[in-house]
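Structure at a glance
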Amino acid sequence: MMNRMYILVFVLIPSDVLSLPCLTNGSKKDFDKSRNALTALKTYLDGTVNTLETDVQKTVATLKNHIQDVEGKIKSLDNDLQLLESDFKARQWQKYNGHCYYFGTEKVDWFTSERKCREIGGYIVKIDDSSENSWVVSKRPKKDIYYWIGLTDLKEGQFRWSYDQSLMTYKYWYPSGGWGSKGQGYDCVILHNDSKANWLDYNCTLKHYYICESNFCF
(Lines give C-alpha, C1' and ligand atoms only; values in the text may rest on other atoms or scores of the structure.)
Protein backbone atom coordinates (compact mmCIF):
# COMPACT_ATOMS: atom_id res chain seq x y z
CA MET A 1 0.00 0.00 0.00
CA MET A 2 1.48 3.29 -1.18
CA ASN A 3 1.77 6.26 1.14
CA ARG A 4 0.32 9.54 -0.11
CA MET A 5 2.07 12.82 0.54
CA TYR A 6 0.16 16.05 0.49
CA ILE A 7 1.93 19.34 -0.01
CA LEU A 8 0.18 22.45 1.10
CA VAL A 9 1.17 25.66 -0.72
CA PHE A 10 0.39 28.91 0.98
CA VAL A 11 0.16 32.08 -1.21
CA LEU A 12 0.52 35.34 0.68
CA ILE A 13 -1.67 38.13 -0.71
CA PRO A 14 -1.15 41.67 0.64
CA SER A 15 -4.02 42.88 2.72
CA ASP A 16 -4.24 46.26 0.86
CA VAL A 17 -4.91 44.43 -2.40
CA LEU A 18 -7.64 42.52 -0.77
CA SER A 19 -9.13 45.78 0.43
CA LEU A 20 -9.31 47.41 -3.10
CA PRO A 21 -12.85 47.77 -4.30
CA CYS A 22 -13.78 46.42 -7.65
CA LEU A 23 -13.62 48.93 -10.55
CA THR A 24 -17.09 49.06 -11.92
CA ASN A 25 -17.99 50.19 -15.43
CA GLY A 26 -19.38 53.41 -13.99
CA SER A 27 -16.17 54.14 -12.14
CA LYS A 28 -14.12 53.46 -15.25
CA LYS A 29 -16.22 55.91 -17.21
CA ASP A 30 -15.68 58.52 -14.52
CA PHE A 31 -11.94 57.97 -14.64
CA ASP A 32 -11.98 58.20 -18.44
CA LYS A 33 -14.02 61.40 -18.31
CA SER A 34 -11.59 62.92 -15.82
CA ARG A 35 -8.61 61.92 -17.92
CA ASN A 36 -10.17 63.30 -21.07
CA ALA A 37 -11.03 66.54 -19.28
CA LEU A 38 -7.46 66.91 -18.03
CA THR A 39 -6.11 66.11 -21.49
CA ALA A 40 -8.41 68.74 -23.00
CA LEU A 41 -7.30 71.25 -20.36
CA LYS A 42 -3.65 70.56 -21.16
CA THR A 43 -4.34 71.03 -24.88
CA TYR A 44 -6.16 74.30 -24.15
CA LEU A 45 -3.36 75.56 -21.90
CA ASP A 46 -0.74 74.63 -24.48
CA GLY A 47 -2.69 76.54 -27.13
CA THR A 48 -3.17 79.52 -24.82
CA VAL A 49 0.55 79.65 -24.06
CA ASN A 50 1.38 79.51 -27.76
CA THR A 51 -1.15 82.26 -28.49
CA LEU A 52 0.22 84.41 -25.66
CA GLU A 53 3.75 83.91 -26.92
CA THR A 54 2.65 85.02 -30.38
CA ASP A 55 0.73 87.99 -28.97
CA VAL A 56 3.70 88.98 -26.83
CA GLN A 57 5.98 88.85 -29.85
CA LYS A 58 3.53 91.01 -31.82
CA THR A 59 3.20 93.42 -28.90
CA VAL A 60 6.98 93.68 -28.53
CA ALA A 61 7.31 94.32 -32.26
CA THR A 62 4.59 97.01 -32.09
CA LEU A 63 6.24 98.65 -29.09
CA LYS A 64 9.59 98.69 -30.87
CA ASN A 65 7.95 100.42 -33.84
CA HIS A 66 6.34 102.98 -31.51
CA ILE A 67 9.69 103.56 -29.80
CA GLN A 68 11.38 104.13 -33.14
CA ASP A 69 8.59 106.51 -34.15
CA VAL A 70 8.92 108.46 -30.88
CA GLU A 71 12.70 108.58 -31.25
CA GLY A 72 12.25 110.01 -34.74
CA LYS A 73 9.85 112.66 -33.46
CA ILE A 74 12.21 113.56 -30.61
CA LYS A 75 15.06 113.95 -33.08
CA SER A 76 12.88 116.10 -35.33
CA LEU A 77 11.83 118.22 -32.33
CA ASP A 78 15.46 118.66 -31.28
CA ASN A 79 16.30 119.84 -34.78
CA ASP A 80 13.37 122.27 -34.75
CA LEU A 81 14.45 123.63 -31.36
CA GLN A 82 18.00 124.11 -32.60
CA LEU A 83 16.70 125.99 -35.64
CA LEU A 84 14.43 128.05 -33.42
CA GLU A 85 17.32 128.86 -31.10
CA SER A 86 19.47 129.91 -34.05
CA ASP A 87 16.61 132.05 -35.37
CA PHE A 88 16.13 133.70 -31.96
CA LYS A 89 19.81 134.57 -31.78
CA ALA A 90 19.95 135.77 -35.38
CA ARG A 91 16.90 138.00 -34.93
CA GLN A 92 18.22 139.45 -31.67
CA TRP A 93 15.14 138.82 -29.56
CA GLN A 94 15.17 140.80 -26.34
CA LYS A 95 14.24 139.31 -22.97
CA TYR A 96 11.85 140.78 -20.44
CA ASN A 97 10.14 139.07 -17.50
CA GLY A 98 10.50 135.56 -18.92
CA HIS A 99 9.29 136.47 -22.42
CA CYS A 100 11.15 137.49 -25.58
CA TYR A 101 10.33 140.36 -27.93
CA TYR A 102 11.26 141.05 -31.53
CA PHE A 103 10.87 144.40 -33.24
CA GLY A 104 10.10 143.92 -36.93
CA THR A 105 12.14 146.03 -39.32
CA GLU A 106 9.84 146.05 -42.34
CA LYS A 107 6.56 147.82 -42.99
CA VAL A 108 3.57 145.51 -43.47
CA ASP A 109 -0.17 145.57 -42.74
CA TRP A 110 -1.51 144.25 -39.43
CA PHE A 111 -2.53 140.82 -40.77
CA THR A 112 0.89 140.27 -42.34
CA SER A 113 2.45 141.35 -39.05
CA GLU A 114 0.53 138.67 -37.17
CA ARG A 115 1.51 136.01 -39.71
CA LYS A 116 5.18 136.97 -39.64
CA CYS A 117 5.25 136.76 -35.84
CA ARG A 118 3.80 133.25 -35.93
CA GLU A 119 6.23 132.17 -38.62
CA ILE A 120 9.17 132.94 -36.34
CA GLY A 121 7.73 131.11 -33.33
CA GLY A 122 5.88 133.93 -31.57
CA TYR A 123 2.76 136.05 -31.83
CA ILE A 124 2.03 139.73 -32.32
CA VAL A 125 2.69 141.31 -28.94
CA LYS A 126 0.17 141.18 -26.10
CA ILE A 127 0.69 143.88 -23.45
CA ASP A 128 -0.72 142.94 -20.05
CA ASP A 129 0.26 145.80 -17.75
CA SER A 130 1.93 149.21 -17.46
CA SER A 131 5.35 147.73 -16.66
CA GLU A 132 5.40 145.65 -19.82
CA ASN A 133 4.07 148.56 -21.85
CA SER A 134 6.78 150.89 -20.54
CA TRP A 135 9.47 148.33 -21.36
CA VAL A 136 8.16 147.77 -24.90
CA VAL A 137 7.90 151.52 -25.52
CA SER A 138 11.45 152.11 -24.28
CA LYS A 139 12.93 149.34 -26.44
CA ARG A 140 11.54 150.52 -29.78
CA PRO A 141 14.50 150.79 -32.18
CA LYS A 142 12.83 153.81 -33.81
CA LYS A 143 10.80 156.25 -31.79
CA ASP A 144 9.25 158.24 -34.63
CA ILE A 145 7.29 155.51 -36.41
CA TYR A 146 4.20 153.41 -35.70
CA TYR A 147 4.36 149.79 -34.46
CA TRP A 148 1.54 147.28 -34.75
CA ILE A 149 0.53 145.42 -31.55
CA GLY A 150 -1.82 142.44 -31.18
CA LEU A 151 -4.96 144.30 -30.11
CA THR A 152 -8.04 144.43 -32.38
CA ASP A 153 -11.73 145.31 -32.21
CA LEU A 154 -13.14 143.39 -35.15
CA LYS A 155 -16.36 143.71 -33.18
CA GLU A 156 -16.40 147.48 -32.92
CA GLY A 157 -15.46 148.75 -29.47
CA GLN A 158 -14.72 145.29 -28.06
CA PHE A 159 -10.94 145.07 -27.96
CA ARG A 160 -9.34 141.62 -27.77
CA TRP A 161 -5.79 140.33 -27.97
CA SER A 162 -5.08 138.24 -31.05
CA TYR A 163 -2.85 135.82 -29.09
CA ASP A 164 -5.58 134.29 -26.92
CA GLN A 165 -8.70 136.34 -27.75
CA SER A 166 -8.83 137.65 -24.18
CA LEU A 167 -10.50 140.99 -23.58
CA MET A 168 -8.29 144.01 -23.00
CA THR A 169 -7.88 144.87 -19.32
CA TYR A 170 -4.89 147.22 -19.21
CA LYS A 171 -5.16 150.13 -21.71
CA TYR A 172 -2.99 153.04 -22.80
CA TRP A 173 -5.00 155.06 -25.32
CA TYR A 174 -3.90 158.14 -27.23
CA PRO A 175 -3.95 160.67 -25.81
CA SER A 176 -3.98 159.28 -22.28
CA GLY A 177 -7.54 158.02 -21.82
CA GLY A 178 -8.60 159.95 -24.92
CA TRP A 179 -10.22 159.30 -28.28
CA GLY A 180 -7.61 156.82 -29.54
CA SER A 181 -10.03 153.93 -29.05
CA LYS A 182 -12.83 155.61 -31.01
CA GLY A 183 -11.56 154.78 -34.49
CA GLN A 184 -14.85 154.00 -36.25
CA GLY A 185 -14.20 151.45 -38.99
CA TYR A 186 -10.63 150.94 -37.76
CA ASP A 187 -9.96 147.59 -36.16
CA CYS A 188 -6.23 147.27 -35.39
CA VAL A 189 -4.09 149.02 -32.78
CA ILE A 190 -0.68 150.67 -33.14
CA LEU A 191 1.77 152.38 -30.83
CA HIS A 192 1.78 156.08 -31.68
CA ASN A 193 4.92 157.61 -33.18
CA ASP A 194 5.79 159.89 -30.27
CA SER A 195 7.75 159.57 -27.04
CA LYS A 196 4.80 158.18 -25.05
CA ALA A 197 3.71 155.75 -27.77
CA ASN A 198 0.08 155.66 -26.62
CA TRP A 199 -2.23 153.22 -28.36
CA LEU A 200 -4.31 154.21 -31.36
CA ASP A 201 -7.13 152.31 -33.13
CA TYR A 202 -6.03 152.37 -36.76
CA ASN A 203 -6.59 151.13 -40.32
CA CYS A 204 -5.46 147.47 -40.48
CA THR A 205 -4.44 147.69 -44.14
CA LEU A 206 -1.83 150.41 -43.68
CA LYS A 207 1.82 149.33 -43.50
CA HIS A 208 3.88 149.85 -40.35
CA TYR A 209 6.55 148.13 -38.26
CA TYR A 210 5.43 145.50 -35.78
CA ILE A 211 6.36 143.85 -32.46
CA CYS A 212 6.38 140.10 -31.82
CA GLU A 213 6.38 138.29 -28.49
CA SER A 214 7.31 134.70 -27.57
CA ASN A 215 6.86 132.64 -24.42
CA PHE A 216 10.09 130.75 -25.16
CA CYS A 217 13.49 132.29 -24.56
CA PHE A 218 17.00 130.91 -25.01
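Residues numbered from 1 in each chain as written. Predicted model: local features only at pLDDT ≥ 70, side-chain atom pairs only at ≥ 80, totals over all residues. Heavy atoms only, no water.

The protein has the name C-type lectin domain-containing protein in an unreviewed UniProt entry, where Mytilus coruscus is given as its organism.

1. Topic: the nonpolar core
Filter applied, for reference: We define the nonpolar core as a collection of buried residues of types Ala, Val, Leu, Ile, Met, Phe, Trp, Tyr and Cys that are connected through side-chain atoms lying within 4.5 Å of one another. The cut-offs for exposure are 20% and 50% of the maximum accessible area for each residue type, with area from a 1.4 Å probe on protein chains only; residues under the lower value are buried, those over the upper are exposed, and the others partly exposed. Helix numbers and strand numbers start at the N terminus; a helix is a DSSP run of H or I with at least 4 residues, a strand a run of E with at least 2. Only heavy atoms matter for contacts: two residues are in contact if any of them lie within 4.5 Å across the pair.
Grouped together as the largest cluster of nonpolar side chains are 23 residues, with contacts concentrated most on Ile149, Leu151, Leu191 and Trp199. Of all the secondary-structure elements, those providing two or more residues to this core are β2 (99-103), α4 (130-138), β4 (147-155), β5 (158-161), β6 (188-191) and β8 (209-214). Setting aside residues no more than four positions away along its own chain, Leu151 makes contact with Trp110, Phe159, Arg160, Trp161, Met168, Trp173, Asp187, Cys188, Val189 and Trp199. Cys117, Tyr146, Leu200 and Cys204 belong to the second largest nonpolar core, which has 17 residues in total.

2. So, α4
Three- or four-residue spacings in an α-helix give side chains the same orientation, since the helix completes a turn every 3.6 residues. Definition in use: Contacts described as polar in this section are N or O atom pairs within 3.5 Å, which, within protein, must combine one atom able to donate a hydrogen with one able to accept it, while residues neighboring in sequence count only if both atoms come from side chains.
Taken as a whole, α4 has its buried residues at Glu132, Asn133, Trp135, Val136 and Val137. Tucked inside the fold, the buried residues of α4 contact β1 (94-96), β2, β6, β7 (199-202) and β8. Two to three positions downstream of the cap, the backbone nitrogen of Ser131 sits 3.2 Å from a side-chain oxygen, assigning the N-cap of α4 to Asp129.

3. Some remarks on helix α3 (residues 110-119)
Every buried residue of α3 is accounted for by Trp110, Thr112, Ser113, Glu114 and Cys117. Where α3 is buried, its residues touch β3 (123-124), β4, β6 and β8. Backbone nitrogen of Phe111 and a side-chain oxygen of the N-cap are separated by 3.0 Å at the start of α3; the cap is Asp109. Phi turns positive, to about 90 degrees, at Gly121, one or two residues after α3.

4. Some words on the state of the cysteines
The test is simple: Disulfides are defined in this document as cysteine sulfur pairs within 2.5 Å.
According to the stated counting rule, one finds two disulfides in the structure shown. Between the sulfur of Cys188 and that of Cys204 lies a disulfide, 2.0 Å long from S to S. Around the S-S axis, the bridge from Cys188 to Cys204 shows a dihedral of about 95 degrees and counts as right-handed. Taken together, the residues span a long stretch of sequence, with Cys188 in strand β6 and Cys204 in the loop between β7 and β8 at a distance of 16 residues. Of the two residues examined, Cys188 and Cys204, each falls in the buried class.

5. Overview of a nonpolar patch on the surface
Stated formally: Residues enter patches when their relative accessible area tops 30% and they take part in no salt bridge; the joining distance is 9 Å for like charges and 5 Å for the nonpolar side chains Val, Leu, Ile, Met, Phe, Trp and Tyr. In these tables, accessible area is a Shrake-Rupley quantity obtained with a 1.4 Å probe, and a residue counts as shielded only by the protein chains included in the view. A carboxyl oxygen of Asp or Glu within 4 Å of a side-chain nitrogen of Lys or Arg is what we treat as a salt bridge.
Taken together, the side chains of Leu38, Leu41, Tyr44 and Leu45 make up a nonpolar region of the molecular surface, amounting to roughly 430 Å² of accessible area. Looking at where Tyr44 falls in the secondary structure, it is placed in helix α2 (residues 25-91). Judged by its relative accessible area of 55%, Tyr44 is exposed.

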